[in-house]
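Single-letter residue listing:
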Protein chains: 4
Amino acid sequence: MCAIVGIYGNENASRLASIALFAMQHRGQEATGISSSCDGKIFTKKDRGLVSEVFTDEALAYLKGNMAIGHNRYSTAGGDSILDAQPVFAKYKLGEISIVHNGNLINKDEVRQDLIDKGAIFQTGMDTENLIHLIAKNTKDRLRDRIKEALERTVGAYCFIVQSRSKQFVIRDRYGIRPLSLGKLKSGGYIVASETCAFDLVGADFIRDVNPGEMLIFDEDKDEPESIQLFEAQPRPCAFEYVYFARPDSVIDGKNVYRTRENMGKALATNDKDNGIHVDMVVPVPDSGVPAALGYAAESGIPFEYGIIRNHYVGRTFIEPTQEMRDIKVRMKLSPMKSLIAGKSLLVIDDSIVRGTTSKRIVKMLKDAGAKEVHFRVASPEIKFPCYYGIDTPNKEELISNNMSIEEVREYIEADSLAYLSVDDLVDAIGNDRNYALESFNGDYFVKA
Amino acid sequence: MCAIVGIYGNENASRLASIALFAMQHRGQEATGISSSCDGKIFTKKDRGLVSEVFTDEALAYLKGNMAIGHNRYSTAGGDSILDAQPVFAKYKLGEISIVHNGNLINKDEVRQDLIDKGAIFQTGMDTENLIHLIAKNTKDRLRDRIKEALERTVGAYCFIVQSRSKQFVIRDRYGIRPLSLGKLKSGGYIVASETCAFDLVGADFIRDVNPGEMLIFDEDKDEPESIQLFEAQPRPCAFEYVYFARPDSVIDGKNVYRTRENMGKALATNDKDNGIHVDMVVPVPDSGVPAALGYAAESGIPFEYGIIRNHYVGRTFIEPTQEMRDIKVRMKLSPMKSLIAGKSLLVIDDSIVRGTTSKRIVKMLKDAGAKEVHFRVASPEIKFPCYYGIDTPNKEELISNNMSIEEVREYIEADSLAYLSVDDLVDAIGNDRNYALESFNGDYFVKA
Amino acid sequence: MCAIVGIYGNENASRLASIALFAMQHRGQEATGISSSCDGKIFTKKDRGLVSEVFTDEALAYLKGNMAIGHNRYSTAGGDSILDAQPVFAKYKLGEISIVHNGNLINKDEVRQDLIDKGAIFQTGMDTENLIHLIAKNTKDRLRDRIKEALERTVGAYCFIVQSRSKQFVIRDRYGIRPLSLGKLKSGGYIVASETCAFDLVGADFIRDVNPGEMLIFDEDKDEPESIQLFEAQPRPCAFEYVYFARPDSVIDGKNVYRTRENMGKALATNDKDNGIHVDMVVPVPDSGVPAALGYAAESGIPFEYGIIRNHYVGRTFIEPTQEMRDIKVRMKLSPMKSLIAGKSLLVIDDSIVRGTTSKRIVKMLKDAGAKEVHFRVASPEIKFPCYYGIDTPNKEELISNNMSIEEVREYIEADSLAYLSVDDLVDAIGNDRNYALESFNGDYFVKA
Amino acid sequence: MCAIVGIYGNENASRLASIALFAMQHRGQEATGISSSCDGKIFTKKDRGLVSEVFTDEALAYLKGNMAIGHNRYSTAGGDSILDAQPVFAKYKLGEISIVHNGNLINKDEVRQDLIDKGAIFQTGMDTENLIHLIAKNTKDRLRDRIKEALERTVGAYCFIVQSRSKQFVIRDRYGIRPLSLGKLKSGGYIVASETCAFDLVGADFIRDVNPGEMLIFDEDKDEPESIQLFEAQPRPCAFEYVYFARPDSVIDGKNVYRTRENMGKALATNDKDNGIHVDMVVPVPDSGVPAALGYAAESGIPFEYGIIRNHYVGRTFIEPTQEMRDIKVRMKLSPMKSLIAGKSLLVIDDSIVRGTTSKRIVKMLKDAGAKEVHFRVASPEIKFPCYYGIDTPNKEELISNNMSIEEVREYIEADSLAYLSVDDLVDAIGNDRNYALESFNGDYFVKA
């Protein structure tokens, strides 16, 4: 996960970068950072915390210059995560460089070991450091060539933005697994961001997605970004962005996320058509289950109701409940609409089931609140395999669908019925014109070192 | 606005009070406080900030005892608001006392002036201080009698919980303007809270609403609360709680808030039946417009769509946008679902229009995002009069409907059409078995000193 | 303890008040506050913390007006001390009032009970609230008369500054127990402060001490403060201010604190003249023992040496040492100068001995560091009685000299010899032209209700 | 400047390291950090702030293991200094490594450029990163050999502690410019620290100084540290440590710092013997001028008086004074003892004069307070040259003695007379058995690449 942004050619570059990161806060809340370039020097500010906490006016004043790159980091383990925040800055042969990265390099351990064997040191646990080393050790004269050759040794799902003291280089891997879009700022210059929802907030018009395998080069000598097709495009956009990760108002590779989720709900409804189950209402697990539930309701004609309320005041720490108050944790985030659901049969829709523990608590909470029946529907296929392409899934053993059949899962979560979307339904819902990355569902690990 | 809670007869009293306040955080985010009683002494902790920030484990350990009262405060002006946080504590003739209060005393200035003339001092701007003075100056031997006589001089919309060193006294005004409900804790003892949504989280069963004009007395010598009808009940529950203020999963005076909002939306749809306007989708202004929009969609058959996304990361401070970024403020909170609404005619539903500035920005934002037409519907009548019964409305001059006709408002917010709910529709939507407080809509200031 | 300040007739009133409070931070570090008056309204800001933390530019901008009063609070017990910070503000019959107070009212409980019996409420534990009630209940037309009559019922050691919306009233008790001085600001207007060290920092010239029993009235209609002798002066300045409490660069009632401390050391030396003890150096317990040690060294001819270093980085919280690291606590604050004292006989001078525990730890620390002999000298008499006039001493049972003879104390702290100043020596050291308050040493509680 | 510490073979390693860093807080207040090793893994925590703020119990619990190294950092410029805090951690060919460093490498730019030319990247501005690269690029099998060869390319004033997953390597440069001492912990294991004042606080016995050019190796297989003389010792201990930088209770290379400062004062007095100037008292600029002033007073027989008080509440931020309050800044830190100095001739002693601005303000402050004459004495020679060996001096142009004669400086600071210590006097005061590093005074830059 994570979000990246690049702003080029705008006097408010760092401010706009911070606003774009704010719009993409859902992709990572642990840490955030921005590097700007001005007069041949790179300025960096990164810290733990939310975008709105880290980027004070003082911080933005420090980040001067008309180009900036930024990053939001998803949670990590360990006691010193500030060191693992991005951008990663380095001085090297050609000057100064700063890099942000979204994704996961599957051959990172081999590359790292090889670099270490040759005498490199690694100060962080981040993939990004690999790329800097590969660029620094390269002997080509031009940064663009060094980046190209560095990427030839880099296998994985990635979007990089490399900022030198006067240029920006934007690269999306040949599969286009992670999203990345290009926009034109109304106030001048360009923006590249993980999600288009950032464009709306900074005042930018969508131009196009960055192509799989493409490198865009922003250079002050040129009005428009230069495009180089570094690798042949073999598009495999990540299906999980549509299922869960992206913000519903984003458009990824031409598809509106909200619409695709509605379609997933419609497909679930179609599959339920003749199964003889009668329910009184369709209830989403908020917020991510809402569009699919609307789709289900529209397709089935069963009323959509907000049977579960989400509490948005849940902060990052709170009064630890006593032993006997254990169940309170899920209820502090989600509350059942008791008077709405009491005595009713519910068709509950969530976006996915990973470990099964949250689903189990939701079913129990609804039944405790008086629901007669709880039929659980999942707007994605069973997750049987860990993702190695940038989504933070637990290891295989913890994935409930790796260990249990659908019927066993149903029994475990104590639902009255349970159904998933098939992989084919998922593909149809997003649009069957693409060859999606579906490894979490079907184990097709197509990116190979 | 504001929320109050009382817990009586539970060893985790302050912890449960904090959890109940957490569930009622939507009623006030500026400050929060709890007083507990233990061994003849009252302990108080109050501070600026959210419930989850103020009530650390250390704070809750300090608040020992098996009874506690708590309060969430809505925003106030001024630089030293900590002094205006509740509970208000005092030592007086009969010992120690602590009070929380939700509502507004309309004769507070006269009572205060009279008390001041007789030599009283006031250290805060809070109504609550009036009541403490009236109780302290009274010469009756029993606190219950002092409270009764103090309330005889107190006119307004109020819910009070008075905690002595061993008892709690709960009072709701004769009109029952502000909500207040009684519940039984599964882990022992009782809870009284502004909204029933707090019951679910602490694990309590709803018993009944506190009656208008009733005083409940919790006393360790009695298993059940004693009830005294202090004043004859003349029920006038506040309609605004249903329109906007309460959480949708609360039940107030027997009516589920979510359902009443759905009904308001249905009434809007019924009124629109023959007006010849064609729209493609019903779009709520989230979060409070959602139930009405679902009702409208259900009644009209027009699809409900999430055309506006709400960003829940908006904190209490953030990068001040530059001059040219002004419009960004509303867009940081609400984002248009561009690809969903582009080229479409929208029926947008919000719960109310106060000053009109937000509505104007929303319409502009939707049109900028490509909406063909924006038909604005308001799930409440025109607000023409300030509320003096505990809702924080601006003064008369700032209320757009005090100054403009519906057509003028439509023109101001640049909507293609605009319609409100009539007062009769509102009453029907909530349930026409009650005589509601509707002063904001019709100027009927029925509470008189 | 505590410090108070009043600034009158200067456009930077609150800023100057904050600087004066900063200079008097040694008199109280727990909480601080300022009230300013502007255009008939009083503004107050108070909070836990140091002056430099609480009075941000934002806070000072809020505290507008050309008059201000301020207070530093010494530590208090309890979990909600913010409510016990000063100034205390109230609305009352004649308008608004704010009061700061340094000292202790010995009849406060009786007055408070009487007020409570008549229906008053007390929201804090502070003496100051008594005075406000007495002023508010009075029926005189003029505030000056109300203050006068209120003070006629008030017995104790006190300095008050009462600020109305346009005036300031400064009062020092008839005994002048706590210090209070008047100065003229070079930038315009007047300052009244607990210690003259504040004058130097704000740029003020010392005019004179406020007389015992005097009330000064600052009024915008008059160029100079009006003086009223409220009570007949019976001067009994507190000896403890000279011994320990005041800053050495302050001048109290005409006597420079540093010089009086030097004199105390000289007297100790004179007493030691023929006692046959040979020491190698005079070592102060820093910082407050330094002037007396310099005096001792000058009188005796024995070299003064910094045998103990004080660490000024000790903050208010730190790593709790493990069981076996117990002794570290005193050593984190005070370090022995090992190579200076090893094998040497030391004459150690501290300002006073209260419980004896710190003295015991210091002796042990010096012996552990190699001192051959430690002769302990105390620059004040034995403290046998608690102070009720504003100094925070423990109760009688905890005072080591209430329970032990000098020889027993010597044995307890494991010193090789121990000597105190006699009461007569103390009086001579400060100046025998005054009748000092000496109750901690001789039990003469001369202030009687 | 900066402080380093290593703890080896003690189960409370990180706690003891934090206590040692606390004792050496005067050597750097900007940032602090500790790395511990446990079970083949290195744990690091570093942050801006004081030792007492950064090392919470939680942080120390994270830093498990029986060995730890730590660092205090002196102030640096720039907005992101957290990245320049130490220890510096890296993964490299032989595993994990963490390094702390005190000093300055004079050939760092050449080495860095050479490393960069060979493809290395630098993520910080710290010298320490050079050493890690040199170690990582080396091909020897044993870390000790890699360190040795790395140091052969490293020229400068340095103390390093290198921690691997199970060993510690301590190195002091061949000149022994920066201090470094070895002690034995009473609770088990060893400590190495920049100053011996840390030994007292953690409970350690001084063993000996680390020799110039020596490497100590701590290894769990050996009871005692192994010693290797890496380079021939050519001792040149830094004179500035004695003049100003070290804590007075430390012993550096066998000399007690306090005693050497007393000697400097005595030498100043000797030089003044026949100059015909009559003064009333010797006044130190606290805190660092105190020992020299005591020495001067002892030698001259002129009384030592605390004519200037230091305020220890000055925090890191405070109310910015208005234009007209400019002079307040020095006075917030230092207050003149008005009644002591008024009308008197003062002999004021400070440890050094760098830019001259503070000295000028002190003279003005004393004269404003009524001093008749101010004779300024400096307990070190004129600083004419920048230090490149680890002391943070300004560049040549800003050093007042680089630009002005003594008489010109006297005129600039408006003193009645001015005298410095000669270089010979300084050497004699410390002890003429050593060949000190005196480059700031005589420009002898003996460390050459």
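With an unreviewed UniProt entry as reference, chain A is termed Amidophosphoribosyltransferase, source organism Malaciobacter pacificus. Listed under Catalytic activity (unreviewed entry) in UniProt, the entry text for chain A is "5-phospho-beta-D-ribosylamine + L-glutamate + diphosphate = 5-phospho-alpha-D-ribose 1-diphosphate + L-glutamine + H2O". The UniProt entry for chain A carries the following comment under Pathway (unreviewed entry): "Purine metabolism; IMP biosynthesis via de novo pathway; N(1)-(5-phospho-D-ribosyl)glycinamide from 5-phospho-alpha-D-ribose 1-diphosphate: step 1/2."

Interface size is commonly expressed as the accessible surface area that is lost when the partners come together. Residues and elements named next belong to chain A. What the domain assignment lists for chain A is domain 1 (3-235) and domain 2 (254-442). For the pair domain 1 and domain 2, the summed buried area comes to about 760 Å², and 50% of that belongs to carbon and sulfur atoms. The interface formed by domain 1 and domain 2 includes zero salt bridges. Run the count over domain 1 and domain 2 and you get two residue pairs in polar contact (both at pLDDT 80 or more).

Time to look at the sheet that holds strand β13 (residues 226-229) of chain A. Residues and elements named next belong to chain A. If you trace the six strands from one edge of the open sheet to the other, you get β5-β6-β7-β8-β12-β13, paired in antiparallel fashion. The open sheet terminates on both sides in strands that have one partner only, identified here as β5 (88-92) and β13. Averaged over all pairs of adjacent strands, the angle between their axes in this sheet comes to 20°, without regard to strand direction. Sheet topology note: the strand β6 (residues 95-105)/strand β7 (residues 156-163) ladder contains eight bridges and is antiparallel. Bridged to H101 within β7 is F160.

Let's shift gears to the arrangement of the chains. The two units chain A and chain C are non-contacting; their minimal C-alpha-C-alpha distance is 16 Å. With no contact between them, chain B and chain D keep their nearest C-alpha atoms 16 Å apart.

Between the two copies, chain B and chain A, the superposition gives an RMSD of 0.1 Å; the rotation angle is 180° and the shift along the axis is 0.0 Å. A rotation of that kind, with that shift, is consistent with a two-fold axis. Among all residues of chain B, the one whose C-alpha sits closest to the rotation axis is H312 of chain B, at a distance of 3.4 Å. A shared interface surface links the copies, since 100% of the contact residues of chain B are contact residues in chain A too.

Residue pairs three or four apart in sequence face the same way in an α-helix, which turns once every 3.6 residues. All names here are of chain A. Every buried residue of helix α16 (residues 423-430) is accounted for by D425, L426, V427, A429 and I430. Where α16 is buried, its residues contact α8 (239-245), β15 (255-256), α9 (257-272) and α17 (439-442). Of the residues flanking the end of α16, it is G431, one or two places downstream, whose phi is positive at about 135°.

Now for the state of the cysteines. Applying the stated criterion across every chain yields a total of zero disulfides over all chains. The structure places no disulfide on C197 of chain C, whose sulfur is separated from the nearest cysteine sulfur, that of C159 of chain C, by 14 Å.

Residue and element names in this part refer to chain D. If you trace the four strands from one edge of the open sheet to the other, you get β16-β19-β20-β21, paired in parallel fashion. Each edge of the open sheet is held by one strand with a lone partner, namely β16 (281-284) and β21 (417-420). Within the sheet, the average angular offset between the axes of one strand and its neighbour, ignoring direction, is 25°. Sheet analysis places strand β19 (residues 345-350) next to strand β20 (residues 373-378), joined by six bridges and oriented parallel. Bridging across to β20, D350 finds its partner in V378. The strands that helix α9 (residues 257-272) touches are β19, β20 and β21; relative to β20, the one it contacts most, it runs at about 125°. Here helix α15 (residues 406-413) sits on the sheet in contact with β20 and β21, set at roughly 130° to β21.

Note on the copies: chain D fits chain A at an RMSD of 0.1 Å, the axial shift is 0.1 Å, and the rotation between them is 180°. The residues that chain D uses at the interface reappear at the interface of chain A in 97% of cases, marking a shared surface.

Residues and elements named next belong to chain A. Within the UniProt annotation, "active site" (unreviewed entry) is assigned to C2. Inspection of the secondary structure assignment puts C2 in the segment before β1 (3-8). Discounting chain neighbours no more than four positions away, the residues touching C2 are R27, H71, N72, R73, Y74, N102, S194 and F245.

In this section: the confidence of the model for chain A. All names here are of chain A. Per-residue pLDDT for chain A averages 91, and the proportion of residues at 70 or more is 95%. Long-range and interchain partners of residues 316-321, a stretch whose pLDDT sits below 50, account for 21 contacts in this model, where long-range means more than four residues apart. The ipTM value of the predicted complex is 0.89, and its pTM value is 0.89.

If you look at the interface, chain B gives 55 residues, while chain A gives 55 residues. A buried area of about 4,700 Å², summed over both sides, lies between chain B and chain A, and 61% of it is on carbon and sulfur atoms. Taken together, chain B and chain A are joined by four salt bridges. The partner of R259 of chain A in a salt bridge is E305 of chain B, and the shortest N-O contact between them spans 3.1 Å. Among the elements that line the side of chain B that touches chain A, the one with the most residues is helix α1 (residues 13-23) of chain B, at five residues.

Moving on: the pattern of salt bridges. Residue and element names in this part refer to chain B. Under the definition given, this model contains 129 salt bridges over all chains. Of the charged contacts, one joins K222 and E226 as a salt bridge, the two residues approaching to 3.1 Å between their closest N and O atoms. Judged by its relative accessible area of 23%, E226 is partly exposed. When the shortest N-O distance is used, the salt bridge between K360 and E414 registers 3.2 Å.

Moving on: the interface of chain D and chain A. Each partner contributes residues to the interface: chain D has 29 residues there, and chain A has 28 residues. For the pair chain D and chain A, the two sides together bury roughly 2,500 Å², of which 55% comes from carbon and sulfur. Considering only the surface of chain D that becomes buried against chain A, K93, I121 and Q123 of chain D emerge as the three largest contributors, covering 23% of it. The salt bridge involving K93 of chain A is made with D117 of chain D; its shortest N-O contact spans 4.0 Å. Viewed at the interface, chain A and chain D are joined by six residue pairs in polar contact (both at pLDDT 80 or more).

Procedures and definitions
Residues numbered from 1 in each chain as written. Chains lettered and ligands numbered in written order. Predicted model: local features only at pLDDT ≥ 70, side-chain atom pairs only at ≥ 80, totals over all residues. Heavy atoms only, no water. UniProt positions renumbered as here; feature names shortened; annotations may be inferred. Domains from an automatic or database assignment. Buried area = accessible area lost by both parts, 1.4 Å probe. Salt bridge = Lys/Arg side-chain N within 4 Å of Asp/Glu carboxyl O. Polar contact = N/O pair within 3.5 Å; in protein donor to acceptor, adjacent residues only side chain to side chain. Pairing = 2+ DSSP bridges. Helix = DSSP H or I, 4+ residues; strand = E, 2+ residues; numbered from the N terminus. Axes fitted to C-alpha atoms, helices over the stretch in contact; angles between N-to-C directions. Contact = heavy atoms within 4.5 Å. Least-squares fit on C-alpha atoms with pLDDT ≥ 70 in both. Buried < 20%, exposed > 50% of the residue type's maximum accessible area, 1.4 Å probe, protein only. Disulfide = S-S within 2.5 Å. pLDDT = per-residue confidence, 0-100.

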